[in-house]
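Chain residues, written in single-letter form:
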Amino acid sequence: AQLTEAGFTHAGAEWENDSEYFVPLYEAKMIHQFDHRWAGFDAAGEASADATSAAKSDPAWEPRPRYWVPDSQVTTWLNAIGWRRGWLMGWRDIANVVNERTMIACIFPRAAVGHSEPLFFLDQEAALWSAFCANLNSMTLDFVARQKIGGTHVTYGYLKQFPILPPSFYVASRLSFVMSRVRELTYTSHKMAPFARDLGYEGPPFAWDEDRRTHLRADLDAFYARAYGLNRDELRYILDPADVKGDDYPSETFRVLKEREVRQFGEYRTRRLVLEAWDRMEADGTFVNLGLGAGQIASTAPTVQRPALVTLPDGAWIRAAQQPNDA
């Protein structure tokens with residue numbers, strides 16, 4: 001239901017009247033990587049705008065949604081699938097060419113969600129949820145996603161093809177490294193306290209610090225590049241093919257991100273920070289301590305045994321017919 005303010009009291013991003021309690025309905029445009037407060041709507045629910053850093057510096061501030069849903073309906077649905085936690089995790093279904101990133105996953109407070117933001121449900125501890133979120137948001141996985149997705153929707157079918165690291169990859173040291181960074185990136189408002197508590201953290205929300213957040217994310221991107229077995233030049237190629245192949249190389253990966261940062265900062269900042277994180281973690285022994293040093297990385301991808309073609313029934317493999325030329 002879309003509500004007017006008459007007859008309701010508003011506290012943060014929640015509404016209630018004498019008989020009903022309402023929670024926000026999250027839409028894809030409201031979230032971004034590690035940020036459930038990316039954007040919100042005006043009081044009329046008509047125009048949306050990205051949230052400012054000043055607003056997010058207040059841990060009590062939450063974006064206003066366009067629609068509100070009775071909490072009783074959300075509770076009924078979540079109870080039906082056995083979900084009791086005070087948070088959810090979803091991803092943006094939309095992946096336009098103008099977006100800086102293709103795969104955008106986010107952990108956000110328990111609420112209603114629209115169809116543009118499908119949900120994940122994992123039978124794992126909260127710490128592994130944080131690792132799953134970090135893996136999906138890594139630039140290495142995003143590079144793969146960009147090779148696979150041919151339309152504008154990140155569907156379940158595509159997700160099942162992504163090379164996501166299995167839970168067995170996360171030995172204690174690796175899980176601690178990832179979880180501590182995801183916790184700080186995610187727990188920036190009081191509404192995310194249930195997630196922080198499930199991670200074993202009892203402190204207050206972390207301050208919204210843009211500079212620190214970029215460095216935390218650079219650490220995660222360097223970690224996952226190494227976890228996938230990349231070398232430094234391969235990481236450079238993912239970040240910007242021209243950096244490896246030359247300015248006339250006919251390929252690009254994160255063009256929108258690069259162009260925005262060059263305009264804003266005068267440099268492709270993400271590329272510099274990720275490579276600096278890689279070099280630092282290589283030099284100070286972080287990679288070795290995490291079992292990601294040279295010669296330490298074991299294959300973590302499950303082996304898929306392809307069936308012999310002769311065992312497949314007739315018609316299992318077909319080639320699309322040439323489409324007629326109507327020109």
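Residues numbered from 1 in each chain as written. Predicted model: local features only at pLDDT ≥ 70, side-chain atom pairs only at ≥ 80, totals over all residues. Heavy atoms only, no water.

> Outline unusual backbone geometry, supporting the account with residue identities and numerical values.
Although it is not a glycine, Phe34 sits at a positive phi angle of roughly 60 degrees. On the secondary structure map, Phe34 appears in the loop between β3 (21-26) and β4 (39-41). (Helix = DSSP H or I, 4+ residues; strand = E, 2+ residues; numbered from the N terminus.)

> Tell me about helix α4 (residues 139-148), and name the residues and values.
All of the buried residues along α4 are Met139, Thr140, Leu141, Asp142, Phe143 and Ala145. Residues of α4 that are buried in the fold lie against α3 (126-136), α8 (210-227), α9 (232-239), α11 (255-265) and α12 (269-283). (Buried < 20%, exposed > 50% of the residue type's maximum accessible area, 1.4 Å probe, protein only. Contact = heavy atoms within 4.5 Å.)

> Give me the environment of Asp198: which residues, what numbers.
Positionally, Asp198 belongs in helix α7 (residues 193-198). Judged by its relative accessible area of 35%, Asp198 is partly exposed. With 71 residues separating them along the chain, Asp198 and Ala127 place their C-alpha atoms 8.0 Å apart.

> Please give an account of the confidence of the model for the protein that cites residues and values.
Taken over all residues, the pLDDT of the protein has a mean of 88, while the share at 70 or more is 87%. Low pLDDT (under 50) marks residues 1-13, which in the prediction has 30 contacts with non-local residues, meaning those over four places away or in another chain. (pLDDT = per-residue confidence, 0-100.)

> Can you tell me about the environment of Phe169, naming the residues and giving the values?
In this structure, Phe169 sits in the loop between α5 (156-159) and α6 (172-186). When the C-alpha atoms of Phe169 and Ala227 are compared, they prove to be 8.9 Å apart, with 58 residues separating the residues in sequence.

> I'd like a description of the packing of aromatic side chains, backed by residues and values.
Per the counting criterion, the structure on display carries 20 aromatic pairs. Ring centres of Trp83 and Phe121 lie 5.3 Å apart, and the angle between their planes is 75 degrees; this geometry places the pair in the edge-to-face category. Here Trp83 is found in the loop between α2 (71-80) and β7 (87-91), whereas its partner Phe121 is found in the loop between β9 (112-113) and α3, with 38 residues between them in sequence. Since its relative accessible area comes to 11%, Trp83 is described here as buried. Their ring planes at 20 degrees and their centres at 5.2 Å tell us that Phe177 and Phe223 sit as a pair that is stacked. With Phe177 in helix α6 and Phe223 in helix α8, this pair connects stretches of sequence that are 46 residues apart. (Phe/Tyr/Trp six-rings, centres within 6.5 Å; stacked < 30°, edge-to-face > 60°.)

> Which residues make up the pattern of salt bridges, and what values do they have?
All chains considered together, the criterion is met by 22 salt bridges. One salt bridge connects Arg260 with Glu100, and the closest N-O pair in it is separated by 2.7 Å. Residue Arg260 is found in helix α11, and its partner Glu100 is found in the loop between β7 and β8 (105-109); the two are separated by 160 residues along the sequence. Take Arg260: its relative accessible area is 24%, and that puts it in the partly exposed class. With a relative accessible area of 22%, Glu100 lands in the partly exposed category. For the salt bridge of Arg226 with Glu282, the shortest nitrogen-to-oxygen distance reads 2.9 Å. Here Arg226 is found in helix α8, whereas its partner Glu282 is found in helix α12, with 56 residues between them in sequence. Judged by relative accessible area, Arg226 falls into the buried class, the value being 6%. (Salt bridge = Lys/Arg side-chain N within 4 Å of Asp/Glu carboxyl O.)

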